[in-house]
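# Coordinate analysis (summary)
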Amino acid sequence: MHPLDLIDIEDMLGEEERAIRDVTRGIVDDTVRPKVAMWWEEGELPARELMTGFGEAGLLGMHLEGYGCAGTSATAYGLAAMELEAGDSGIRSMVSVQGSLAMYAIHRFGSPEQRERWLPDMARGAVIGCFGLTEADAGSNPASMRTYARKDGTDWVLSGSKMWITNGSVADIAIVWARTDDGIRGFIVPTDSPGFHASVIHHKVSLRASITSELVFDDVRLPQDALLPEATSLGAPLRCLNEARFGIAFGTMGAARECLETALDYAATREQFDRPISGFQLTQRKFVDMAVELNKGMLLALRLGRLKDAGRITPEQVSAGKLNNAREALNIARECRAILGGSGITLEYPVIRHMNNLESVYTYEGTNEMHTLVIGQALTGVSAFR
Ligand code: TGC
Ligand code: FAD
């Protein structure tokens, strides 16, 4: 049994779930771990090459049915997200945005023709998607978005901008959410459309092994069949977010596990006051608290997986997973960083990279406060957002 698996969670996984997790771990070992610190330092990564590899491995939109998708259980998808994020949150993000946001939007809200046109290529990683909901002035409150699509004959004309868009500058298509005279609607926007501009956001000190972009739509003309017919209100993008938030509940536990493993190894050999620092009671208390939180977070994620596979998961339950596991993973990463002392501030160890990444994870897909208010509303029946 893995020493961090205090309560034998392994025993709760099915054979196929373990196999998918182990294969994903192997892919991360081979293609991510050896280079990710360099990508993070340089702020650049071979996104297209990675996406093709993840597509070949069946990781893109893996929990979706048909159209070349692997059709695995939600739990297996979560376990894969955990392994990807043990490599780097940016790598998990790349896969989440492709599968849980862009592909899911088309799968759930697209026409049969749109699904046939885009999903098989996206599952292979040959077409990269991004998901544009957030704007510079509409983050936690996407209902206040200003991007507007007006009808012009049978066409649509899209104007406005989106901010903080993962995969934005490398994407072939963008799922763009826009205000229309008929409420908030979603559009599949080829990124080579005239008037579409994407620019990379530089100077990030978090999620550096991930492409984050600003998108600008300068009267982008789209045919009628760019519209996602089944997405008829803000509820549609929020439903997509549930998918990605679910993956984050698992993924963050991967980042936390990696930090904890690193700190345990380090503390076993690092000596001060003539003994390994792992022998100090204060250090052991930290390890115990972190390992217990990791196991609780894993249990929570797994429970969400089982609920999702049974078709019974609710948005509030997903919020509980995202809220708790992003928060606790960040706490674990910070504590592990401290255990590594001065060595903890370098990229020689993965801990500070995970710690800085988790600041983004804490904020995106609904901040800690948004998920608190979602659960608060479920508990009290009172909305405290506005
Ligand atoms: P509200 O009036 O409550 O709801 C509007 C409609 O949506 C429905 N709804 C949901 N449906 C499914 N899942 C959910 N989680 C839902 N939340 C709400 C709701 O029932 C209603 O339906 P209907 O039929 O009555 O119209 O909306 P609100 O404007 O008050 O907002 C609620 C709030 C604050 C919870 C929502 O705006 C929110 O979640 N804000 C956070 C925004 C956010 O998370 N943005 C993420 C952008 S994408 C991203 O960050 C990608 S990061 C990369 C990666 O994933 O790796
Ligand atoms: P704000 O909404 O301005 O919030 C600022 C602070 O105010 C937060 O602490 C927040 O919790 C708090 N706050 C706001 N309202 C309330 C309230 N009612 N009560 C209490 N506190 C409140 N978006 C996409 O659409 N697609 C992507 O692919 C994507 N990728 C991202 C990648 C990265 C690296 C990052 C950092 C962000 C990404 N986002 C993406 C955007 C992300 O979803 C938003 O940053 C997030 O939703 C928060 O919005 P904001 O940054 O505008 O912060």
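In what follows, the structure referred to is the one given above.
Below or above, wherever it landed, is the structure these notes cover. This is a predicted model, so every value here is computed, not measured.

About the criteria used
Residues numbered from 1 in each chain as written. Chains lettered and ligands numbered in written order. Predicted model: local features only at pLDDT ≥ 70, side-chain atom pairs only at ≥ 80, totals over all residues. Heavy atoms only, no water. Buried < 20%, exposed > 50% of the residue type's maximum accessible area, 1.4 Å probe, protein only. Helix = DSSP H or I, 4+ residues; strand = E, 2+ residues; numbered from the N terminus. Arc of directions from axis to C-beta. Contact = heavy atoms within 4.5 Å. Near = heavy atom within 4 Å. Polar contact = N/O pair within 3.5 Å; in protein donor to acceptor, adjacent residues only side chain to side chain. Areas by Shrake-Rupley, 256 points an atom, 1.4 Å probe, with all protein chains shown as cover. Nonpolar A, V, L, I, M, F, W, Y, C, P; charged D, E, K, R; others polar. Core = buried A, V, L, I, M, F, W, Y, C linked by side-chain atoms within 4.5 Å.

### Here's the deal with helix α3 (residues 47–56)
Because each turn of an α-helix spans 3.6 residues, side chains separated by three or four positions end up pointing in the same direction. Turning to α3, its buried residues are Ala47, Leu50, Met51, Phe54 and Gly55. For α3, the angular spread of the buried residues around the axis is 140°, confining them to a single face. The exposed set on the far side of α3, more than 90 degrees from its buried face, consists of Glu49 and Glu56. Packing partners of the buried residues in α3 comprise α1 (15–32), α2 (36–42), α4 (74–87), α5 (89–109) and α6 (112–124). One or two residues past the end of α3 sits glycine 58, with phi positive at roughly 80°.

### Remarks on the site of ligand 1
Within the structure, ligand 1 sits among 27 residues, and Ser93, Asn242, Arg245, Glu365 and Arg386 are positioned closest to it. One of the side-chain N or O atoms of tyrosine 364 is found 3.3 Å from an oxygen atom in ligand 1. In this structure, glycine 366 approaches ligand 1 through a main-chain N or O atom, which is 2.8 Å from an oxygen atom. Burial of ligand 1 by the protein chains amounts to 72% of its free accessible area of 1,100 Å². Of all elements in the fold, only α5, α7 (235–269) and α11 (368–380) reach the threshold of two or more residues within the shell around ligand 1. Taken together, the residues that form the shell around ligand 1 break down as 13 nonpolar, 9 polar and 5 charged.

### Looking at the nonpolar core
The biggest cluster of nonpolar side chains holds 114 residues, and the ones touching the most others in it are Phe54, Ile106, Met122, Leu158, Ile175, Trp177 and Leu228. Per-element tally for this core: the top contributor is α7, with 16 residues. If near-sequence neighbours (up to four positions away) are discounted, leucine 158 is found in contact with Thr147, Tyr148, Ala149, Val176, Ala178, Val189, Phe217, Asp218, Asp219, Val220 and Leu222.

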